[in-house]
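# Residue-level structural notes
This is what each chain is made of:
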Amino acid sequence: MPSLVVVGAQWGDEGKGKVTDLLAERADAVIRFQGGNNAGHTIIRGDEEPWKLHLIPSGILHPGKLCVIGNGVVIDPRVLTEEIDALRARGVDMGGLRVSANAHLIMPYHLLLDSAGEQKLGEQQIGTTRRGIGPCYADKAARLGIRVQDLLDEKILKQKIAAAMEPKRLALRPHAKDPSLDLHAMTEQYLTYGHRLEQHIADTSRLVWDLLDAGRLVIFEGAQGALLDIDHGTYPFVTSSNPVSAAACIGAGIGPKDIDEVWGITKAYATRVGSGPFPTELHDSLGDRLRSAGGEYGTTTGRARRVGWLDLVALRYASRINSLTALVVTKLDVLSGLDRLLVCTRYRGAEGAEFDHFPYHQSVLHHASAEYVELEGWSEDLSECRTAADLPAAARDYLAYIAEMLGVPVALVSVGPGQDQVIWTGQGAAERLAVAT
Ligand code: IMP
């Protein structure tokens, strides 16, 4: 089983970092393939101070693994160099870090454009993380992007920055005197980043291919989630990349035949950050209770997440567009103490039409209400469960219902933030991986 893609099956924040970290133990390499420092995850290991990562794959915490930031990622070099420094200061060996020479760089003007764009949209704003992600991907598509390899050539770098800044003059006029927009200072600053990163810059597509060719286990780590996908998500309330599994090919530089397994990560309920439709959202005290029990505040921005019941219409859609081979259900423990659990199996449109499939039209989705099936809850604390047999029957039934409705086996269940708080079910692809647990 040489390659496995880990993707978010909801609106991000599903716990991909923990899953990747667990899999990284058994893998030879971990590759990030899209997004940027709009993502973030915290890894809890024993009594250690939590590890917070934004750009570097969590495999870095396992000595000797190759950890790649692929060409599909957009990199803020200030954030990356700070992350390297922070990890080094805690004794982490950065020898395995490789950064694609083709990855695009987030520039100071991208950050300003992101905030200015949101401000302009006012009430219609997307609720971006304001990390410059959208403007950076826009420049990539406009062929005005600055790439990692440009950091290694002063003349080219200066020319490219000048060309990229020129068309933005109008939008950036209020920031004309901002020192971070001085061409000379920016070039100097980015050359410094280049010197810092030079030892890590590589032809990462080739490195990944060599490992796959040698039959080694490679994990491709997605950021965000299917419903934030720029093509398949709830546009325009989406991120500016493709968090679906197919993007692993483009963002890492491999072909579709090189992917063997796709694991979709979903919480046992649903959350969303930022604006946009969310049919199962809870606006009541139950939502507050889940938010607080699940610690639903963003790792990157600290924003409170919107919370709701599990949405199987959306999840079935995510399963289809990702070709999921297995599911990982996280935060099952957070649902303890509820007498009954609602699971959305269908939407009803404003005109009364029923939708078993995710509606393609945004107006339908915006006005759709969720229809639920009621399942039995459980009162037991799940945090010490380590096998499926340890779970109360109602929790097992909840998982079985999800798997049946999606036609995808649940490979792994998470019952707490700790790395050991997991249950390998022995189902599906996990059977092959669990051998090594
Ligand atoms: P951007 O990716 O910063 O442009 O933000 C676009 C949308 O994606 C906003 O609704 C963000 O809240 C959301 N978003 C981006 N990254 C994440 C993430 O890692 N988790 C959850 N939501 C995210």
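Described below are features of the structure shown in this document. Worth saying up front: this structure is predicted, and the values here are computed from it rather than measured.

## Concerning empty space enclosed by the protein
Applying the stated criterion across every chain, the model contains one cavity of 30 Å³ or more. Taken as a whole, the largest cavity holds about 30 Å³ of empty space. Along its surface, the largest cavity is lined by A9, Q10, W11, L227, A270, D311, A314 and L315. For the lining of the largest cavity, a count of residues per class yields six nonpolar, one polar and one charged.

## Digging into the sheet that holds strand β2 (residues 29-32)
Picture the strands of a sheet paired through backbone hydrogen bonds; they go either parallel or antiparallel. Ordered in space as β9-β7-β5-β2-β10-β1-β11-β15-β19-β20, the ten strands form an open sheet in which the pairing is mixed. Two strands lie at the open edges of the sheet, namely β9 (201-202) and β20 (422-424), each paired on one side alone. Sheet topology places strand β7 (residues 97-100) next to β9; two bridges connect them, and they run parallel. Each residue of the ladder has a partner; that of S100, found in β9, is A202. Across the sheet, helix α7 (residues 204-213) lies against β1 (3-8), β2, β5 (66-69), β7, β9 and β10 (218-221), angled at about 140° from β10, the strand it touches most.

## Details of the side chain of E118
Looking at the element boundaries, E118 is found in helix α3 (residues 108-121). Despite its burial, E118 pairs with no opposite charge; the closest candidate is R130, at 4.7 Å N-O. A polar atom in the side chain of E118 sits 2.9 Å from the backbone nitrogen of T128. Residues in contact with E118, not counting those within four places in the same chain, are Q125, I126, G127, T128 and R130.

## Points about the pattern of salt bridges
Opposite charge on two side chains allows them to pair when their charged atoms are near. Per the stated rule, a full pass over the model turns up 20 salt bridges. Notably, a salt bridge pairs D150 with K160, separated by 3.2 Å at the nearest N-O pair. Placement of D150 in the loop between α4 (133-141) and α5 (154-165) and of K160 in helix α5 is noted, with a sequence separation of ten residues between them. When its relative accessible area of 5% is taken as the criterion, D150 is described as buried.

## Here's the deal with the site of the ligand
In the region of the ligand, 15 residues are neighbours, and D13, N38, T129, T239 and R303 sit closest. Taking V273, its main chain carries an N or O atom lying 3.3 Å from an oxygen atom of the ligand. For the ligand, an oxygen atom lies 3.0 Å from a polar atom in the side chain of R303. Protein chains shield 96% of the accessible area of the ligand, which is 470 Å² for the free molecule. The residue makeup of the shell around the ligand, split by class, is six nonpolar, seven polar and two charged.

## Things to note about the nonpolar core
Ranked by internal contacts, the top residues of the largest apolar core, which has 74 residues, are F220, L332, L335, W378 and Y398. Those residues in contact with L335 that sit more than four places away from it in its chain are A268, Y269, L290, L341, W378 and Y398. If you look at the next biggest cluster of nonpolar residues, it comprises 41 residues, including L61, A101, L113 and L172.

Rules used throughout
- Residues numbered from 1 in each chain as written.
- Predicted model: local features only at pLDDT ≥ 70, side-chain atom pairs only at ≥ 80, totals over all residues.
- Heavy atoms only, no water.
- 1 Å grid on protein atoms, 1.4 Å probe; cavity = no way out; pocket = protein on both sides within 12 Å on 5 of 7 lines; lining within 4 Å.
- Points joined across faces, edges and corners; volume = space filled by probe spheres on them.
- Nonpolar A, V, L, I, M, F, W, Y, C, P; charged D, E, K, R; others polar.
- Pairing = 2+ DSSP bridges.
- Helix = DSSP H or I, 4+ residues; strand = E, 2+ residues; numbered from the N terminus.
- Contact = heavy atoms within 4.5 Å.
- Axes fitted to C-alpha atoms, helices over the stretch in contact; angles between N-to-C directions.
- Buried < 20%, exposed > 50% of the residue type's maximum accessible area, 1.4 Å probe, protein only.
- Lys, Arg positive; Asp, Glu negative; His and termini not counted.
- Salt bridge = Lys/Arg side-chain N within 4 Å of Asp/Glu carboxyl O.
- Polar contact = N/O pair within 3.5 Å; in protein donor to acceptor, adjacent residues only side chain to side chain.
- Near = heavy atom within 4 Å.
- Areas by Shrake-Rupley, 256 points an atom, 1.4 Å probe, with all protein chains shown as cover.
- Core = buried A, V, L, I, M, F, W, Y, C linked by side-chain atoms within 4.5 Å.

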